[in-house]
Amino acid sequence: GTIEPTSAPSFDELDDVGGCPDVWSAQTYDQGDLVSFMNLVFECTEDPLSSHCGQVGYEPNTAPGAWMIAWTVVGHCSGTIEPTSAPSFDELDDVGGCPDVWSAQTYDQGDLVSFMNLVFECTEDPLSSHCGQVGYEPNTAPGAWMIAWTVVGHCSGTIEPTS
């Protein structure tokens, strides 16, 4: 027998988004951030899966396909994007003396730790169970820590002992 041909393939047309955003790199990405790879533009997915966007193994358009839970193809691009405005920065509260530096131990919701003069608060249950796990250390790449910790301010020195 013979195999009959199927219908012609159909293709989804991608939007031309103009200039290409930066190429993916292992760093922290937020929901909605855009990156490019081979003139395709990818958008970082919604929280909490967006925590995977900066992890090695989740690079856009790579095998075996884990990237598809972190990124969505949104269009194609060419050239570069020109900056539109100067960056803005949020001022952090001065919380005084620094709490203890993070270590692998049990933390409860609301516990504070410090890292490089930044103060982090352990998030609400059930995600607080990650606060003491290796790989969720505050302010480390690729960003899994953001589901366990929240930046609450900056510190200097140490907390004075109580009597």
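See above for the structure.
So, here's what we can say about the structure.

**Considerations on the packing of aromatic side chains**
- All told, the structure shown has four aromatic pairs when counted by the stated rule.
- Their ring planes at 90° and their centres at 5.5 Å tell us that F42 and W67 sit as a pair that is edge-to-face. With a gap of 25 residues between them, F42 in strand β2 (residues 40-44) and W67 in the loop between β2 and β3 (71-76) connect regions that are remote in the sequence.

**Overview of the sheet that holds strand β6 (residues 149-154)**
- In spatial order, the strands read β4-β5-β6; together these three strands make up an open sheet with antiparallel pairing. Each edge of the sheet is formed by a strand with only one pairing partner; in this case those strands are β4 (112-115) and β6. Direction aside, the axes of adjacent strands within the sheet are offset by 35° on average.

**What to know about the pairing of strand β5 (residues 118-122)**
- Two elements, β4 and β5, share four bridges in a ladder whose sense is antiparallel. Residue pairing in the sheet places L112 in a bridge with E121 of β5.
- Counting the residues in the hairpin turn of β4 and β5 gives two residues, including M116, whose phi is positive at 50°.
- The pairing of β5 with β6 spans five bridges and is antiparallel. When the sheet's bridge partners are listed, E121 is paired in β6 with T150.

**Some thoughts on the environment of P5**
- If you trace the backbone, P5 turns up in the segment before β1 (34-37).
- For P5, a relative accessible area of 71% corresponds to the exposed category.
- C-alpha separation for the pair P5 and V113, spaced 108 residues apart in sequence, amounts to 64 Å.

Rules used in this analysis
- Residues numbered from 1 in each chain as written.
- Predicted model: local features only at pLDDT ≥ 70, side-chain atom pairs only at ≥ 80, totals over all residues.
- Heavy atoms only, no water.
- Phe/Tyr/Trp six-rings, centres within 6.5 Å; stacked < 30°, edge-to-face > 60°.
- Helix = DSSP H or I, 4+ residues; strand = E, 2+ residues; numbered from the N terminus.
- Pairing = 2+ DSSP bridges.
- Axes fitted to C-alpha atoms, helices over the stretch in contact; angles between N-to-C directions.
- Buried < 20%, exposed > 50% of the residue type's maximum accessible area, 1.4 Å probe, protein only.

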